[in-house]
There are 2 protein chains.
Amino acid sequence: MSHGRGNEKKHRQECLRRNILLVLAYEGTSYRGWQFQPGEPTIQGVLQEKISIMTGEQVVLIGSGRTDAGVHALAQVANFRTSSRIPMDGFLRGLNSLLPDDIVVREIREVPDGFHSRYCARSKVYRYVVHNDDVPDPFWRRFAWTIRGDLDVEAMNEAARALLGQRNFAAFQAAGCSASHPVRTVMMARWRRIGRNNSLFEIEADGFLRHMVRNIVGTLVEVGRQKLDSGHVERILTGKNRQEAGITAPARGLFLKGVRYIA
Amino acid sequence: MSHGRGNEKKHRQECLRRNILLVLAYEGTSYRGWQFQPGEPTIQGVLQEKISIMTGEQVVLIGSGRTDAGVHALAQVANFRTSSRIPMDGFLRGLNSLLPDDIVVREIREVPDGFHSRYCARSKVYRYVVHNDDVPDPFWRRFAWTIRGDLDVEAMNEAARALLGQRNFAAFQAAGCSASHPVRTVMMARWRRIGRNNSLFEIEADGFLRHMVRNIVGTLVEVGRQKLDSGHVERILTGKNRQEAGITAPARGLFLKGVRYIA
C-alpha cells in the first residue's frame, strides 16, 4: 500500500460523499447573476447558503456556467458534494421551503462521482424573448425585450443561418470576456413567432462567450427591423469586430433553457 | 330660459370637458386593489395622481369595477373628465412615462359624454390561471395558483355548466359584499388546458359579487381533484350557503380580461 492510514481514511470519507445534481429554475431579476460575490445577492450564493443549512456542511455548488445579472433560467444544472444522508425527496422539499420564491429546485438526484456540471456539458440552449408591442405590457416587462413595430422573422432566420457550425464569435463577445478562444460551434439558431406579439429565439452551442446571445439578438433584431441586411451577420463574423455588431439586447429577455450532457 | 347666467356658464364649461376612456393593463401584485384608499398603494390612486399631473386638474377616475388586492387586469376600462386639451397620443405617451412599470395605459380615446365605465358595462370577462406542477415555477408565482397533481378538466367543465344563466350566487359571495342582490347572469364559464401545465378558466357575467370568481374556482378545483362530484355545484347554488362552497382561490391567478359595452 503506497498511501498511509490518514490518506486511506480521507479517501474512504471522500467515497462516502455523494455527488448531487440539481435542476434549477430561477427568475434573475433580483440577482447579480449566478456567480457568488460576497455581500451581493447571487443565485449561487443563495443556493450554497440554503444547501449548507440543510447539510450542516459548507458546500461549493458548481454550475454548468454563469448567467449574467438579470438573466433567467428554466433549467440550469448544478452539482455539489455532501456527506449528508438526507433522502433526495426530503432534500428537494426542504431546500424549496428555504429558498426564496424566485429560485426553485425542479429536480434533485444523485449522480456518479465523475459528473461535473460544467466540464461534462456538451451543449447549452438559450432562449431569448422579444415582445412586439406599441405599449409596454406589464406582464412581459421582466421576461422580454419590448420592441415597437414589427420584426421580419424570415430575414432574421436567414441572417441566423450564418451563425451555424464552427465559427469565430469574437465580434459577438463582450469586452472583458475571459474565454481562452472565441471559436464556438452553434448547432441551432432559430426564430419563431409565438402568438401575435412574441418572437422567440433559440440557440444551441457547445459554449457561449460573455454576452454572446444578447449581442447576436441585438444584431438580428436590427436585421428584423430592416436596418441591416441579412448578409451583414456573415460580414460581422468574418470581420471579428465588435463595433460592427448590433447593441447588446437586455438581460431580462434571456433564459438558459437547458444543458445537454454526454449520454 | 329657465336657467340663469351662472348655470349657463357652468353648463358650457361642462360641455367643453372631454370624457376620456382608458384601457388599462396592470399587475396587481404590489397594490391593495383598484379602489382608492388614502396612504395605500392602489391602482386608482396611482392613476388619478398621474392623470392630475398631466392635466393640472384633480380628476376622478371611474373604473368598470373594483379589482381586489393582488388581482391583475389585461384590459380594465376606466374613464374621467377633463378640460385639458392635450392630444390623445401625447397623453398616452406622457401618462405611460409617468406610471410605474406595473400599470400601463394600452389605449386612450375620447368617448361621448354619456359614457360611464361602470354603468354602461354590459358584461365582464375574468380569467383564472391554474398552474399544475409538483414544484412551484418561479415564472408563474405571481400569475397563477400552483396546484400539485392533475386536474380533471372534463369534470370541472361539467360542473361549470350549472353556473350558466340567471342564478343566485349567494353561496359564492364573500362576507361583507355590498351588492344589493346576489343574482347574476353568467353567459360563459369554461376551462381549457393550455400546454402541459396550465389550466385556464374564463367566465363572463353581467356582474360579479365580491370574490365570486375566486370562490367558484376554489370549488371547481375541488371537483377537478375529485374531492367533490360535479353535481355539487348545482347543490351549492340551490343551498345558497357559503360554507358548502370550496375555498377562495388566491388573488394572484385572477385577471380581469375585458369589459364589454353596449354597442
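Given the structure is predicted, the values throughout are model-derived calculations rather than measurements.

The rules behind these values
Residues numbered from 1 in each chain as written. Chains lettered and ligands numbered in written order. Predicted model: local features only at pLDDT ≥ 70, side-chain atom pairs only at ≥ 80, totals over all residues. Heavy atoms only, no water. Domains from an automatic or database assignment. Contact = heavy atoms within 4.5 Å. Buried area = accessible area lost by both parts, 1.4 Å probe. Salt bridge = Lys/Arg side-chain N within 4 Å of Asp/Glu carboxyl O. Helix = DSSP H or I, 4+ residues; strand = E, 2+ residues; numbered from the N terminus. Buried < 20%, exposed > 50% of the residue type's maximum accessible area, 1.4 Å probe, protein only. 1 Å grid on protein atoms, 1.4 Å probe; cavity = no way out; pocket = protein on both sides within 12 Å on 5 of 7 lines; lining within 4 Å. Points joined across faces, edges and corners; volume = space filled by probe spheres on them. Nonpolar A, V, L, I, M, F, W, Y, C, P; charged D, E, K, R; others polar. Polar contact = N/O pair within 3.5 Å; in protein donor to acceptor, adjacent residues only side chain to side chain. Phe/Tyr/Trp six-rings, centres within 6.5 Å; stacked < 30°, edge-to-face > 60°. Arc of directions from axis to C-beta. Pairing = 2+ DSSP bridges. Axes fitted to C-alpha atoms, helices over the stretch in contact; angles between N-to-C directions. Parallel < 35°, antiparallel > 145°, perpendicular 65-115°, else oblique. Left-handed = near helix turned anticlockwise from the far one by under 90°.

> Tell me about the domain arrangement of chain A, and name the residues and values.
Residues and elements named next belong to chain A. Looking at chain A, the domain boundaries give domain 1 (2-111) and domain 2 (122-261). Between domain 1 and domain 2, the C-alpha centre-to-centre distance is 30 Å. Domain 1 puts 16 residues into the contact, and the matching count from domain 2 is 17 residues. Here domain 1 meets domain 2 over a buried area of about 1200 Å², counting both sides, of which 58% is carbon and sulfur. When the area that domain 1 buries against domain 2 is broken down by residue, the three leading residues are D68, H72 and L74, summing to 40%. At the junction of domain 1 and domain 2, the tally comes to three salt bridges. Two residues, R214 and D68, come together in a salt bridge whose shortest N-O distance is 3.6 Å.

> Describe the pattern of salt bridges, with residues and values.
Evaluated as defined, the whole model comprises 38 salt bridges over all chains. A salt bridge links R141 of chain B to E27 of chain A; its shortest N-O distance comes to 2.5 Å. With R141 of chain B in the loop between β5 (121-132) and β6 (145-147) and E27 of chain A in the loop between β1 (18-26) and α2 (43-55), this residue pair bridges two chains. We classify E27 of chain A as buried; its relative accessible area is 1%. What emerges from the salt-bridge pattern is a single network uniting E27, R141 and R142 of chain A together with E27, R141 and R142 of chain B.

> Could you give an account of empty space enclosed by the protein, naming the residues involved and the relevant values?
All names here are of chain B. Using the criterion set out here, one finds one cavity of 30 Å³ or more in the structure. Of the volumes computed, that of the largest cavity is approximately 30 Å³. Surrounding the largest cavity, M188, R190, W191, R192, L200 and E202 form its lining. Counting residues per element, the ones that place at least two in the lining of the largest cavity are β8 (183-194) and β9 (198-205). If you tally residues by element for the lining of the largest cavity, the top one is β8, at four residues. Of the residues that constitute the lining of the largest cavity, the class distribution is three nonpolar, no polar and three charged.

> Kindly report on the interface of chain A and chain B, identifying the contributing residues and their values.
Counting residues at the interface gives 25 residues for chain A, matched by 25 residues for chain B. Each partner contributes to the roughly 1900 Å² buried at the junction of chain A and chain B, and carbon and sulfur atoms together form 60% of this total. The shortest N-O distance in the salt bridge between D133 of chain B and R106 of chain A comes to 3.0 Å. If you look at where chain A meets chain B, you find six residue pairs in polar contact (both at pLDDT 80 or more). Elements represented by at least two residues in the side of chain A that touches chain B include exactly β1, β3 (72-82), α3 (88-98) and β4 (103-111) of chain A. Of the residues assigned to the side of chain A that touches chain B, the class counts are 13 nonpolar, two polar and 10 charged.

> Which residues make up the packing of aromatic side chains, and what values go with them?
Taken as a whole and assessed by the stated rule, the structure comprises 18 aromatic pairs over all chains. The interplanar angle of 85 degrees and the centroid separation of 5.0 Å between the aromatic rings of Y126 of chain B and F208 of chain B together place this pair among those described as edge-to-face. Of this pair, Y126 of chain B sits in strand β5 while F208 of chain B sits in the loop between β9 and α5 (212-224); the two residues are 82 residues apart in sequence, bridging distant segments of the chain. Neither Y126 of chain B nor F208 of chain B differs from the other in exposure class; each is buried. Ring-pair connections join several aromatic residues into one group, and the members of that group are F139 of chain A together with F143 and F255 of chain B.

> Can you lay out helix α6 (residues 232-239) of chain B for me, pointing to particular residues and giving the numbers?
All names here are of chain B. Looking at α6, one finds that the buried residues are H232, V233, I236 and L237. Looking down the long axis of α6, one finds its buried residues gathered within 140 degrees of arc, a one-sided arrangement. Positive backbone phi, approximately 55 degrees, marks K240, located one or two places after α6.

> Lay out the pairing of strand β5 (residues 121-132) of chain A with the relevant residues and their values.
Residues and elements named next belong to chain A. The element β5 is extensively covered by neighbouring structure, given that 10 of its 12 residues are classed as buried. Relative to strand β10 (residues 254-261), β5 runs antiparallel, the two sharing seven bridges. Opposite K124, over in β10, you have V259 as the bridge partner. Pairing of β5 with strand β9 (residues 198-205), which is carried by eight bridges, proceeds in the antiparallel orientation. Each bridged residue has a counterpart across the sheet, and for R127 the counterpart in β9 is E202. Direction of pairing for β5 relative to strand β6 (residues 145-147): parallel, over a ladder of three bridges. Across the sheet, N132 pairs through a bridge with I147, a residue of β6.

> Outline the packing of α2 of chain A against α3 of chain A, listing residues and values.
Residue and element names in this part refer to chain A. Here α2 crosses α3 at 130 degrees, and the two axes come no closer than 10 Å. Here α2 lies oblique to α3, going by the angle between them. Judged by the sense of rotation from one axis to the other, the crossing of α2 with α3 is right-handed. Contacts between α2 and α3 involve K50, I51, I53, M54 and T55 on the former and, on the latter, G90, F91, G94, L95 and L98.

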